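Now for the letters of each chain:
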Amino acid sequence: MASLLNGCANLQTRGLLSFEKGPLQASRIHGISFKRLTETEVSRFCSIFRVIGRRNHKFFQSPVTASIYSTRTTTRASLQDKDNDTKYVDFVVIGSGVAGLRYALEVSKHGSVAIITKAEPYESNTNYAQGGVSAVLCPTDSVESHMQDTIVAGAYLCDEETVRVVCTEGPERVKELIAMGASFDHGEDGRLHLAREGGHSHNRIVHSADMTGREIERALLQAVDNDPNISLFGHHFAIDLLTSQDKNGINCHGVDVFNTETQKIIRFISKVTLLASGGAGHIYPTTTNPPVATGDGVAMAHRAHAVISNMEFVQFHPTALADEGLPLKPAKRRENAFLITEAVRGDGGILYNQSMQRFMPSYDERAELAPRDIVARSIDDQLKKHGEKYVLLDISHKQREKILAHFPNIAAECLKYDLDITSEPIPVVPAAHYMCGGVRAGLEGETNIRGLYVAGEVACTGLHGANRLASNSLLEALVFARRAVKPSIKCMERTSINPDCSIRWARPVAPLILKDNTIDKISKRTRDIRLELQSVMWEYVGIVRSTNRLKMAEWKIKDLEREWEDYVFRRGWKPTMVGLEACEMRNLFCCARLVVESALSRQESRGLHFTEDFPYLEESERKPTIIFPAALPKLTWSTQQLHKQLQC
């Protein structure tokens with residue numbers, strides 16, 4: 001049974017964790033333990049720990065098929081294949097967003113690299129990031145000011161050392177992007193045009209119109225395409241990390257991967273693994289995240305016994321495009337909500353309810369420039385008070401030319417549905433956007449598992465605290481991708497690969513023995529269960545929470561998971577079988593449970609976690625939620641690795 005631990009963390013010099021357990025209290029998750037660290041303990045924790053034929057079934061296929069880049073996705077001889085189903089490589093990178101690509105470009109100077117990406121290489125949260133990268137590049141700005149804005153937005157739960165590192169190193173990381181060919185907007189004076197967004201006291205957002213992530217992704221993918229030491233595997237879904245246990249702790253040896261186009265399982269054996277797989281927005285029904293964001297990295301890491309932190313802090317972006325308020329409605333429901341960037345408010349956009357009453361000044365003195373958690377809750381309150389489904393964001397009082405220059409992508413998207421943002425307000429509604437929690441990481445992206453590093457949204461570095469400051473996500477990804485390089489190279493150089501080690505783990509299998517109609521039934525039921533899970537999360541684990549609703553969510557998720565597992569296993573599905581929708585469902589269940597249990601353990605309202613039962617900040621609660629793996633057996637499919645863990 002899980003435990004809520006009180007006490008100090010004792011860290012071994014190897015960077016692996018051992019703990020002195022204090023008084024125990026009952027909790028509800030099997031196989032994990034909770035620990036809440038004090039500010040002093042967290043500081044010490046961080047400083048030391050930084051520390052086969054194709055089937056035409058959606059069940060097997062990736063949701064994205066169109067390619068707009070020429071990035072190579074073929075296997076090179078440098079991967080030293082022993083057989084067609086096993087590949088040996090120095091570095092495996094899981095994810096093709098800014099963190100994964102930037103890391104790969106550095107470590108490729110020292111060895112062979114395989115990038116595993118779930119869909120097309122460009123399909124990542126990075127590609128959908130509109131606002132930009134926050135960095136101190138103006139003489140009137142300062143690192144201290146950026147730090148203060150970050151800590152205030154994070155509700156004073158940020159790790160100060162991490163904040164200082166990121167804010168200090170950020171400007172150099174932006175300059176590196178420019179040197180690699182990323183093109184950002186410049187003002188009439190020829191200098192970088194720096195925008196301002198909610199929560200920022202200065203103009204410090206480097207951007208490329210309202211398509212910054214797309215431009216960064218383009219530049220990085222082009223560089224990857226030109227690097228002979230990097231192989232990129234598109235439409236390859238990471239199933240589970242390959243881990244072993246010895247007297248010193250847990251070791252990572254690579255990852256099992258499912259080729260969603262051929263239904264083959266490929267085993268990647270590596271000296272170092274970087275997890276940069278993004279977030280888990282699709283545990284909710286409406287999210288700005290692309291379809292690939294199903295919490296795969298956090299779930300894999302949790303199953304591998306990595307330490308997880310701060311999962312209760314789910315950021316809902318205040319302003320996603322509300323399709324219901326458009327003059328012309330989209331023909332079908334979007335897979336992911338269209339984001340209306342924070343920069344619209346930073347550029348003077350005003351929020352109104354449908355009676356055209358401006359409401360933000362009555363909630364916060366910073367009005368529209370308040371941090372995202374405050375704006376999202378304010379909108380949620382307005383919607384509930386007036387029984388409405390969206391509010392209005394108006395930028396039409398600004399010059400038409402400037403609107404179109406700064407927000408061409410938003411203007412074009414709205415115009416598709418007969419809405420001219422230069423003369424009409426934009427209907428907006430909050431949507432799940434970013435996971436501030438994730439795999440606990442040190443200052444160099446290291447985890448409690450040797451050979452496993454993390455960067456980007458999948459990581460919890462302590463930068464964001466209880467709420468992420470706008471445009472700090474790309475910044476964090478860039479900084480930690482670079483900081484993980486040096487220790488990764490050292491790890492690679494002292495690690496050797498036994499060519500026979502691949503046979504030590506049982507291999508997952510594709511469900512090729514099942515009949516087509518059985519696959520169709522399982523696929524349909526899985527999609528239905530997924531919708532039910534998303535509905536539960538929105539209804540009971542949304543912007544405003546309560547203890548009773550969280551407990552109801554816990555019960556409903558457990559019931560749904562049991563129902564789904566019973567359904568698929570009764571129809572011949574085996575625990576070692578894999579398919580895209582089935583694996584995503586496992587990961588969604590795992591992440592949803594982590595979010596709920598973390599939320600139940602925090603008895604205060606801080607940042608993104610607001611609960612009616614504990615509506616105020618509590619100084620005694622100003623510490624991160626830490627989830628440690630316990631030694632007790634896992635009880636559900638979603639919390640078990642599909643292979644047998646090797647005991648050394």
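Structural notes, computed from the coordinates. Predicted model only: the values in this text are computed from it and were never measured.

About the thresholds
- Residues numbered from 1 in each chain as written.
- Predicted model: local features only at pLDDT ≥ 70, side-chain atom pairs only at ≥ 80, totals over all residues.
- Heavy atoms only, no water.
- Pairing = 2+ DSSP bridges.
- Helix = DSSP H or I, 4+ residues; strand = E, 2+ residues; numbered from the N terminus.
- Axes fitted to C-alpha atoms, helices over the stretch in contact; angles between N-to-C directions.
- Polar contact = N/O pair within 3.5 Å; in protein donor to acceptor, adjacent residues only side chain to side chain.
- Contact = heavy atoms within 4.5 Å.
- Buried < 20%, exposed > 50% of the residue type's maximum accessible area, 1.4 Å probe, protein only.

### So, the sheet that holds strand β18 (residues 426–435)
Pairing in this open sheet of 4 strands is antiparallel, and the strands run β15-β18-β17-β16 from one edge to the other. Looking at which strands have only one partner, the edges of the open sheet turn out to be β15 (314–321) and β16 (350–352). Mean inter-strand twist for the sheet, computed between neighbouring axes without regard to direction, equals 45°. Relative to strand β17 (residues 391–394), β16 is paired through 3 bridges, and the arrangement is antiparallel. Of the residues in β17, the one forming a bridge with Tyr 352 is Leu 392.

### Description of the side chain of Arg 606
Positionally, Arg 606 belongs in the loop between α16 (580–601) and β23 (610–611). Looking at Arg 606, its side chain comes within polar contact range of the main-chain oxygen of Ala 155, at 2.7 Å. Within the structure, the side chain of Arg 606 is placed 2.7 Å from the side chain of Glu 604, a separation counted as a polar contact. In this structure Arg 606 touches Ala 155, Tyr 156, Leu 157, Phe 313, Ala 466, Leu 617, Glu 618, Glu 621 and Arg 622, once residues within four positions along its chain are discounted.

### So, the sheet that holds strand β8 (residues 194–195)
The strands making up a sheet associate through backbone hydrogen bonding, with each pair oriented either parallel or antiparallel. Strand order across the open sheet formed by 3 strands is β7-β9-β8, with antiparallel pairing between neighbours. The outermost strands of the open sheet, each flanked by one partner alone, are β7 (133–134) and β8. Looking at chain direction, β7 and strand β9 (residues 205–206) are connected through 2 bridges and run antiparallel. Counterpart to Val 133 in the pairing with β9 is Val 206.

### Observations regarding the pairing of β18
If a strand is regular, its side chains alternate between the two faces of the sheet. The buried fraction of β18 amounts to 10 of the 10 residues, a majority that puts the element mostly inside the structure. Pairing between β17 and β18: 3 bridges, direction antiparallel. Each residue of the ladder has a partner; that of Val 391, found in β18, is Val 428.

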